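# Architecture at a glance
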Amino acid sequence: MANSFLELLQIRPYLVADGAMGTNLFSQGLMSGEAPELWNVDHPERVARVHRGFVEAGSDIVLTNSFGGTRQRLKLHNAQDRVIELNRAAARIARGVADAAGRKVIVGGSIGPTGELFQPLGALSHADAVAAFAEQAQGLAEGGVDVLWIETMSAREEVAAAAEAAAATGLPIVTTMSFDTNARTMMGVTPADFARFTHTLGTRPAAFGANCGVGPGELLDSVLLMAGAAAADDVIIAKGNCGVPQYMDGAIHYSGSPEQMATYARLALDAGARIIGGCCGSSYEHLAAIAGALKAHRKGEGPAIAEVERAFGPVWPTMKASSERGEPRRRSSRR
């Protein structure tokens, strides 16, 4: 059976992903410490409102409100026995909005990390992780997603477990990692490592990339490093935060303007990304700026890391220069 996500990748030079689900649910009354996934049943109209906002802003892809939808994460809210119910509801809400859009909109089933450490550092085994992700993937597939979207990962082991479980549904998969510690994930994976690692998975992802992390400059640097190690037919994802997160007045704030996110979007396309959106802090206005910038932009070469730093300031300021690391920071000519 044809898959809408794969079809769009074949015919479109780029796709616009959505922005921040959590940020926009907080603006509708979600409180710190609450499980957003419970709103798929308790307040489905509010979740749908977020999806509609991003579709109206120009997103081609909306991600379900299911980032913390594994039993490990839901156990924190005594909802570990509602995995199928909550994930299926998340998918159905997004599916309904996408189908009413009047154009082709893709639904990605968001699968975030379990929050557990894998053996031998922690107690989580590969088998238990696969079982947990399979349960979540089942609910998302039943709800009608087009692609399973494994995101914000930091460990190869967790990517491998989630990819194995998601692929068993027969749906395409994508995966992103979060590079937030001197161009590495929390578990030490570099962007170039990740690009190569995706080719070792039992099912090759339809796309891979970076999301969240620090700010748009660091996200672009991660994309450049991935592109330098990627194969010619790899599809790279860029889903950056709206500015650098700062803790102010008891809450996290993101300083990025729509104009800055438009600049980020143009540089991401030039760097080799074909799926571009926002992450934490990204509002409908920011997504509209991303979509508008991409529509008006003619894809160019590069950029060099110096161009990124001119736009967003020094990236990874505590790390040695890229020449000392020996990893390219300009998009490979193979792409």
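Only a predicted model underlies this, so the values are computations on that prediction, with no experimental measurement involved.

Analysis parameters
Counting restarts for each chain, with residues numbered from 1 along the sequence as it is written. In view of the model being predicted, local features appear only for residues whose pLDDT reaches at least 70, and side-chain atom pairs are presented and counted only at 80 or more, with totals across whole chains, interfaces and linings using the full set of residues. Excluded from the side-chain calculation are hydrogens and water; included are all heavy atoms of the structure. Throughout, the protein atoms alone are placed on a 1 Å grid, and a set of points is a cavity if a 1.4 Å probe fits but cannot get out or a pocket if it is open with protein on both sides within 12 Å along at least five of seven lines; lining residues have an atom within 4 Å of a point. Grid points are joined across faces, edges and corners, and a volume is the space filled by probe spheres set on the points. Numbering of helices and strands runs from the N terminus, with a helix taken as a DSSP run of H or I at least four residues long and a strand as a DSSP run of E at least two residues long. For this classification, Asp, Glu, Lys and Arg are treated as charged, while Ala, Val, Leu, Ile, Met, Phe, Trp, Tyr, Cys and Pro are nonpolar and the rest, including Gly, are polar. One less than the residue count of a helix, multiplied by 1.5 Å, gives the span that helix is expected to have. When accessible area is computed with a 1.4 Å probe and restricted to protein chains, residues below 20% of their type maximum are described as buried, those above 50% as exposed, and intermediate ones as partly exposed. Geometry is summarised by axes, namely lines fitted to C-alpha atoms with helices restricted to the contacting stretch, and by angles between N-to-C directions that run from 0 to 180 degrees. Under this scheme an angle from 65 to 115 degrees is roughly perpendicular, one under 35 degrees roughly parallel, and one over 145 degrees roughly antiparallel; angles in between are oblique. In this analysis, two residues are considered to be in contact whenever any of their non-hydrogen atoms come within 4.5 Å of each other. Pairing between strands is defined by DSSP: at least two bridges between them are needed. The rule is short: rings of Phe, Tyr and Trp, with Trp giving its six-membered ring, pair when the centres are within 6.5 Å, and they are stacked under 30 degrees, edge-to-face over 60, tilted in between. When the NZ atom of lysine or the CZ atom of arginine is within 6 Å of a ring's centre and also within 35 degrees of its normal, the charge is said to sit over that ring. Patch definition: residues with relative accessible area over 30% and no salt bridge; like charges joined within 9 Å; nonpolar side chains (Val, Leu, Ile, Met, Phe, Trp, Tyr) joined within 5 Å. Computed with a 1.4 Å probe, the accessible areas rest on the Shrake-Rupley method; for each residue, only the protein chains presented here act as cover. The term salt bridge refers to a side-chain nitrogen of Lys or Arg lying within 4 Å of a carboxyl oxygen of Asp or Glu.

## Some points on the layout of surface pockets
Over the atoms, a rolling probe the size of a water molecule traces out where space has been left empty. Of the pockets and cavities examined, the largest pocket occupies roughly 1100 Å³. In terms of lining residues, the largest pocket is bounded by 41 residues, among which Gly-22, Thr-23, Phe-26, Pro-36 and Cys-280 are the most central. Contributing elements (two or more residues each) for the lining of the largest pocket: helix 2 (21-26), helix 5 (71-74), strand 4 (147-153), strand 6 (207-212) and strand 9 (251-254). Examining the composition of the lining of the largest pocket, we find that 5 residues originate from one element, helix 2, more than from any other. Looking at the lining of the largest pocket residue by residue, the class counts come to 19 nonpolar, 16 polar and 6 charged. Lining the second largest pocket are 19 residues, with Ser-154, Ala-155, Glu-158, Met-186 and Met-187 positioned closest to its centre. If you list the elements that add at least two residues to the lining of the second largest pocket, you get strand 4 and helix 8 (156-167). Considered class by class, the residues forming the lining of the second largest pocket number 10 nonpolar, 5 polar and 4 charged.

## Looking at helix 10 (residues 216-229)
Taking 1.5 Å as the rise per residue, helix 10 with 14 residues should run 20 Å; its terminal C-alpha atoms sit 20 Å apart, in good agreement. For helix 10, a buried count of 12 out of 14 residues is recorded, marking the element as mostly surrounded by other parts of the structure. Pro-216, Gly-217, Glu-218, Leu-219, Leu-220, Asp-221, Ser-222, Val-223, Leu-224, Leu-225, Met-226 and Ala-227 are the residues of helix 10 that are buried.

## A closer look at the packing of helix 11 (residues 258-271) against helix 13 (residues 305-312)
Running from amino to carboxyl end, helix 11 crosses helix 13 at an angle of 175°, the nearest separation of the two axes being 11 Å. When the axes of helix 11 and helix 13 are compared, the pair comes out roughly antiparallel. Across from Gln-260, Thr-263, Tyr-264 and Leu-267 in helix 11, the residues of helix 13 making contact are Val-308, Ala-311 and Phe-312.

## As for the sheet that holds strand 1 (residues 15-16)
Pairing in this open sheet of 8 strands is parallel, and the strands run 1-10-7-6-5-4-3-2 from one edge to the other. Single-partner strands in this sheet number two, and they are strand 1 and strand 2 (61-63). As paired strands, strand 6 and strand 7 (residues 236-240) are joined by 5 bridges and run parallel to one another. Looking at strand 7, one finds that Phe-208 is bridged to Ile-236. Each of strand 1 and strand 10 (273-278) is contacted by helix 12 (residues 284-296), which is oriented at about 155° to strand 10, the strand it contacts most.

## Structural notes on unusual backbone geometry
Between Gln-119 and Pro-120 the backbone carries a cis peptide bond, its omega angle lying at 5°. Note on placement: Pro-120 falls in the loop between strand 3 (106-111) and helix 7 (126-143). Phi at Ala-183 is positive, roughly 60°, even though this residue is not glycine. By secondary structure assignment, the location of Ala-183 is in the loop between strand 5 (173-177) and helix 9 (191-197). With a phi close to 60°, Cys-212 is a non-glycine residue in the positive phi region. Counting through the fold element by element, Cys-212 comes out in strand 6. Taking relative accessible area as the criterion, Cys-212 reaches 17% and is therefore assigned buried.

## Brief notes about the packing of aromatic side chains
A ring pair, where both rings are aromatic, is described by two values, the distance of the centres and the angle of the planes. Here the structure, examined in full by the defined rule, presents 3 aromatic pairs. Measuring from centroid to centroid gives 6.4 Å for Phe-179 and Phe-194, while their planes differ by 55°, and the two rings are tilted. One end of the pair, Phe-179, is in the loop between strand 5 and helix 9; the other, Phe-194, is in helix 9, and 15 residues separate them in sequence. Each member of the pair, Phe-179 together with Phe-194, is buried. Plain terms: the ring middles of Phe-194 and Phe-208 are 5.9 Å apart, the flat faces sit at 80° to each other, and that makes the pair edge-to-face. Of this pair, Phe-194 sits in helix 9 while Phe-208 is found in strand 6, placing the two residues 14 residues apart along the sequence. Taken as a pair, Phe-194 and Phe-208 share a single burial class, namely buried. Members of the aromatic cluster, joined through ring pairs, are Phe-179, Phe-194 and Phe-208. Here the guanidinium or amino end of Arg-46 rests over the ring plane of Trp-39, the centre of that ring lying 5.0 Å away.

## Some thoughts on a nonpolar patch on the surface
On the surface, Leu-117, Leu-121, Met-186 and Met-187 cluster together to form a nonpolar patch covering roughly 410 Å² of accessible area. With respect to the helices and strands, the residue Met-187 is situated in the loop between strand 5 and helix 9.

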